[in-house]
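Coordinate inspection notes
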Amino acid sequence: MKEKSLKQQSTARIFIRNLLRNPSAVIGLTIISLMILGAIFAVQISGADPDYMDPISGRLGPSLDHLMGTDQLGRDMLSRVLSGGKQSIYIGVLASFLANLIGTVLGATAGYLGGKIDSVVMRVSELVMTFPQLILVLIFVSLLGQGINNVIIVFALTGWMTTFRLVRGEFFSLREESFVEADRAFGFSKPRIIFRHILPNTMSPIVVAFTINIAIFIIAEAGLSFLGLGVPVTTPTWGNLLTAAQNPVVIDEYWWLWVFPAMSIAVFVLGVNFVGDGLRDVLDPRHKSLIAKSKWKVALVGRLGRKK
Amino acid sequence: MSNTRTPLYKVGQIKKHFPVLGGVLRRTKGYVKALDGVDLEVFRGETISVIGESGCGKTTLGRMLALLDKPTGGELSFDFGQGLQDVTSLRGADQMRFRKKVQMIFQDPYTSFNPRQRVGAAMDEVLRVHGVKDEAERSARILEACEMVNIRPEYLQRYPHEFSGGQRQRLAIARCLATKPELIIADEIVSALDVSIQAQIVNLLLKIQKETGLSFIFVTHDVAVARYVGHRVAVMYLGNVVEILPADSLPEAAEHPYTIALLSAVPSMNPTAKDQRVALQGEVPSPIDMPKGCAFSTRCPSVMDICRTERPVLKISNISKGDHQVACHLNKGAK
Amino acid sequence: MSLSTEKDLILDLKSVNVKFKVEDDTLHILRDVSLSIPRGSFLCVVGESGCGKSVTAQAIVQLLPDNGEISSGEILFSQGNQVVELNQLEKFGKQMRGVRGAKIGMIFQDTLSSLNPAHKVGRQVAESLLQHLPISKGEARTRVIELFRKLGIPDPERRYEAYPHEFSGGMRQRVMIAIATICEPDLVIADEPTTALDVTIQAQIMTLLKDLQKSAGKTFILITHNMALVSEVADHVAVMYLGRVVEYGTVEQVLRDPRHPYTKALMASVPDLDADKNVELQTVDGQTPSPAEVTVGCEFAGRCPYVIAACKEKTIEMTQVNPGHDVRCVRLDENGKLPILASGALHE
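For the structure given in this document, a descriptive report is provided here. (Residues numbered from 1 in each chain as written. Chains lettered and ligands numbered in written order. Predicted model: local features only at pLDDT ≥ 70, side-chain atom pairs only at ≥ 80, totals over all residues.)

Regarding the environment of Ala34 of chain B
All names here are of chain B. Put simply, the test is: Secondary structure is summarised from DSSP: a helix means a run of H or I of at least four residues, a strand means a run of E of at least two, and numbering begins at the N terminus for each. We call two residues in contact if the C-beta atoms placed from their backbones are at most 7 Å apart.
Here Ala34 is to be found in strand 2 (residues 27-42). Considering only alpha carbons, one finds Ala34 and Ala295, 261 residues apart in sequence, at a separation of 12 Å. Not counting chain neighbours up to four residues away, the residues in contact with Ala34 comprise Lys16, Phe18, Gly57, Thr60, Gly239 and Pro287.

This is the structure:
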């Protein structure tokens, strides 16, 4: 049988190449990379220690010395905003990861097994979801206390439901696929089918959910800390820097105290959303065909409808 | 095929009834009788084609035979070498033994492989799960299987979507062959393929059977292909096997009125053979609302009173005797 | 611009080329397709996937996808006493919409997605009528019910009010035929209408279509891959491969006396119920290439057992081997027959 032999490339390389060709992804990655670098090198970039107080230079607007001004205790805002980013991003990423982990495991099991297990987990998820989130968070915070790690745990425990529903939905549809039937016919065990066969096929929506959740949790942390319930002010985060804005005088006269943290949140979240969009475009293994010449088949089949 | 030999796989009055739940209290309103008492015997080294139209239960039968679904009644017995043994109660290692011997290939070539797994890895995994511990032996088996289906070994590194439909079906066949089965159930494996590719796959199956002596159960809606591929053909209607006859004797020897009608509806290149077309009226009745007696009684042109009350059983044909069974009251055959 | 009046053609495709823009490439999907279809005849366009048969149908009624266009050629349609050049009409302009549905009916394969699941079936058929004719809703309803009855849909008054999912596949296809024929078009294009249906239902539907041809004098273009079906219903057959018509003639000529290597291979690879079971099915190595792979010469050259150097050099023209029977192959001798191969790869 004459068949053309074609060069083989690993999926990882192709994925990265496609990702870098996607404008959304590139913009998003640039934004968040810059901000992450800024967060890590906060001290070097700003030339100041975020905790160094210099009350004499308190409440100064943006100037060449202090690009983002100083707060009431004379601390350099640029340095605080950048290092606040470090905490906020850390919280966002880790909380998202944990929430996704919980949601994925529960969703995979409930989605594949169905029946009673599914009913039970669904009811639990509905309970958590319908409970007013703020109250839930307050309860957990009062039980666990404040602090970065507790905030992360609280977010993970209250934020897994969307990923759960997503993964469950994917599993419901995928478990009817022929390759899953084939696996059953070959006698594969349930865990093997769930985690080694179906799960890799749901990675695309899970990764997208992961990136979107980062944004959600950063905003959630901001809200929480703004209310004074999240991370205490001793460790700056974008959220608790915003507590300054609780004072209407600050909003009017010392705008640099809250505008820069707020903008940082907005820009970072925007960047994350861009990356999420780009990932969504690129992650389907059938999207950018690995063989240039069979591109036409994929595109045509998609346009004209599958034969028969 | 002599009836005195033990069959490889025996199907005895298999039933598959799906309950239909209704009302607020979800009470059982009725049953969808996908399979309603199917008898079949498959012998070593033979291909039996199972044909029928939508709703006849042939796909359900195929899945049942591969133990993907449990029957609600009847017996399934397989000969592992020491006589027929019931397979529905097998668990664990015994069930794995069965699964090694009985493999299945599915209709849709586009989804029968995990899109995220390289095809070589997929085949390797199957062998590992079936206890072939030695890596060298796994490779050897996979290469041997690929050679039989004409797939070059270097393509094993690829992902499923890099192959055409025909190639994927060949890979699916190779995946089954690697476990060295005794029976392969092929569920409409060529229906989604182009005509000339169908011919390639069909010829491949014939070649494999000649070289390995495997048995095949070939489920299809295409009567002409069924006749070409099979030694015997089993015709199904509404969950029953209504006729089993040697493929060679089709279409002339068909006796059951449904088989005759089905055959006459199949378009043919031969103009003279189309003179007696039996136009079947109406549609297939719903499998929930099955007629009493013979399932075909509502549309049969030769229906008699007894047909409406008593379900006919598969008996040896009185006309052709030999290896021909019909389930019809018109057949006053011996047992 | 003219339609040959001597043969009373209803549709004339002249050297139609269709190109698709896919990512950065332009793919040549239809290559110089010419078909002259006499009024009242039944043409079957056959071929395997990728041959362009569906695209031909789409091109005629200008329903190509957004990335496709007719790059050259003419599609002449005889509408009443006028000849309309369909490819020159604006895709969704008033005139083209007036043709689509009313003068040229279309039947698709997938009835579940071609019918709106949220609307009652009767309304969908009536809609077609009301769009094109100035009649009242009541009158439309009457006509639809009458057509349902004629097409063998039992209990038509009740079925008028039913939804698509309440019908079986065969009945839905009858509804599609109703939509396609309610405005009494002269030409009906059916794209694989029975592929998803059981064989006994397929037989019923085909009988219906042939009746419409005989009784109402309608012209049919049936797109299919089922050669046996073609032998039963067609008057003429056009065999397509990778966007080109490779053989054309009456059903007698093409099916009983195929001359093109691809047609011969196709015929030899289909098992027939009445043929000798022990004759091995012939197959051709490989599969249909992508349009990007073949830009010069015969499209089938890569797989043809008769190939010689001349096959790949330039575009092959059609040769007439018998009146009305055209074949696109350079290997035909002066009698229009292929040489006998040393290896005997294909039966002669």
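We are not done yet, so read on.
Considerations on the sheet that holds strand 9 (residues 232-237) of chain B
All names here are of chain B. Selection rule: At least two DSSP bridges between two strands are needed for those strands to be called paired.
As summarised here, the arrangement of the eight strands in space is 6-7-8-3-9-10-12-11, forming an open sheet in which the pairing is mixed. With partners counted over all chains shown, the strands left at the sheet margins are strand 6 (102-105) and strand 11 (315-316), one partner each. Inspection of the sheet shows strand 6 paired to strand 7 (residues 183-187) by four bridges, in the parallel sense. Its bridge partner being in strand 7, Ile105 is matched across the sheet by Ala186.

Describing the nonpolar core
Put simply, the rule is: By definition, a nonpolar core groups buried Ala, Val, Leu, Ile, Met, Phe, Trp, Tyr and Cys residues that are joined through C-beta atoms within 7 Å. Backbone-placed C-beta atoms define the burial measure: a residue is buried with 20 or more other C-beta atoms within 10 Å of its own, exposed with 12 or fewer, and partly exposed in between.
Ala174, Ile217, Val235 and Val241 of chain B are the most contacted members of the largest nonpolar core, which totals 268 residues. Setting aside anything within four residues of it in sequence, one finds Val241 of chain B in contact with Val38, Asp39, Leu40, Ala234, Val235, Met236, Leu314 and Ala327 of chain B.

Regarding the interface of chain C and chain B
The accessible area lost on association of the parts is a frequent measure of interface size. Taken together, the contact pairs 29 residues of chain C with 33 residues of chain B. It is helix 9 (residues 227-233) of chain C that provides the largest number of residues to the side of chain C that touches chain B, a total of four residues.

With respect to the environment of Lys70 of chain B
Summarising the element assignment, Lys70 of chain B is placed in the loop between helix 1 (58-65) and strand 4 (73-79). With 179 residues separating them in the primary sequence, Lys70 of chain B and Ser249 of chain B have C-alpha atoms 34 Å apart.

Quick word on helix 8 (residues 161-174) of chain A
All names here are of chain A. So the rule is basically this: Expected span of a helix: the number of residues minus one, times 1.5 Å.
Between its terminal C-alpha atoms helix 8 stretches 20 Å, which fits the 20 Å expected from 14 residues at 1.5 Å a residue. Those residues of helix 8 not exposed but buried are Met161, Thr163, Phe164, Arg165, Leu166, Val167, Arg168, Glu170 and Phe171. For helix 8, the elements touching its buried residues are helix 4 (77-113), helix 5 (115-130), helix 10 (190-198) and helix 11 (203-226).

Comments concerning the sheet that holds strand 4 (residues 68-79) of chain C
Residue and element names in this part refer to chain C. What counts is decided by this rule: The axes used here are C-alpha line fits, helices contributing only the stretch in contact, and every angle between their N-to-C directions lies in the interval 0 to 180 degrees.
Read across the open sheet, the four strands follow the order 2-1-4-5; overall the sheet is antiparallel. What marks the edges here is a single partner per strand, and that holds for strand 2 (25-38) and strand 5 (82-85). This sheet shows a mean twist of 10° between the axes of neighbouring strands, independent of strand direction. Where strand 1 (residues 9-22) and strand 4 come together, eight bridges link them in antiparallel fashion. If you follow Asn17 over to strand 4, its bridge partner there is Ser72.

Topic: the interface of chain A and chain B
Definition in use: Under the grouping applied here, Gly and all other residues not named as nonpolar or charged are polar, the nonpolar ones being Ala, Val, Leu, Ile, Met, Phe, Trp, Tyr, Cys and Pro and the charged ones Asp, Glu, Lys and Arg.
Each side of the interface is counted separately: chain A has 22 residues, and chain B has 26 residues. Per element, the largest residue contribution to the side of chain A that touches chain B is six residues, and it comes from helix 9 (residues 178-185) of chain A. Counted by class, the side of chain A that touches chain B contains ten nonpolar, six polar and six charged residues.

Concerning the environment of Leu113 of chain A
Residue and element names in this part refer to chain A. Secondary-structure assignment places Leu113 in helix 4. On the basis of neighbour count, Leu113 is assigned to the partly exposed category, with 15 C-beta atoms found within 10 Å. Along the chain, Leu113 and Phe171 lie 58 residues apart, while their C-alpha atoms are 9.3 Å from each other.

So, unusual backbone geometry
Following Leu250 of chain B, the chain continues into Pro251 of chain B via a peptide bond in cis, with omega recorded as -5°. Secondary-structure assignment places Pro251 of chain B in the loop between strand 10 (240-246) and helix 8 (257-265). Phi at Gln62 of chain C is positive, roughly 55°, even though this residue is not glycine. Following the sequence through the fold, Gln62 of chain C ends up in the loop between helix 1 (53-60) and strand 4.

Section: helix 4 of chain A
Residues and elements named next belong to chain A. Taking 1.5 Å as the rise per residue, helix 4 with 37 residues should run 54 Å; its terminal C-alpha atoms sit 53 Å apart, in good agreement. For helix 4, a buried count of 28 out of 37 residues is recorded, marking the element as mostly surrounded by other parts of the structure. Gly114 sits one or two positions beyond helix 4 and adopts a positive phi of about 60°.

As for the packing of helix 11 of chain A against helix 14 (residues 256-282) of chain A
Residues and elements named next belong to chain A. Convention followed: Roughly parallel means an angle under 35 degrees; roughly antiparallel means over 145; roughly perpendicular covers 65 to 115; every other angle is labelled oblique. Each crossing gets its hand from how the near helix is turned against the far one by less than a right angle, where anticlockwise is left-handed and clockwise is right-handed.
The contact between helix 11 and helix 14 brings their axes to 8 Å, and the two run at 170°. Classified by the angle between their axes, helix 11 and helix 14 sit roughly antiparallel to one another. Note on packing geometry: the crossing formed by helix 11 with helix 14 is left-handed. Listed contacts from helix 14 to Val207, Val208, Thr211, Ile212, Ile214, Ala215, Ile218, Ile219 and Ala222 of helix 11 are Ile265, Phe268, Val269, Val272, Asn273, Val275, Gly276, Leu279 and Arg280.

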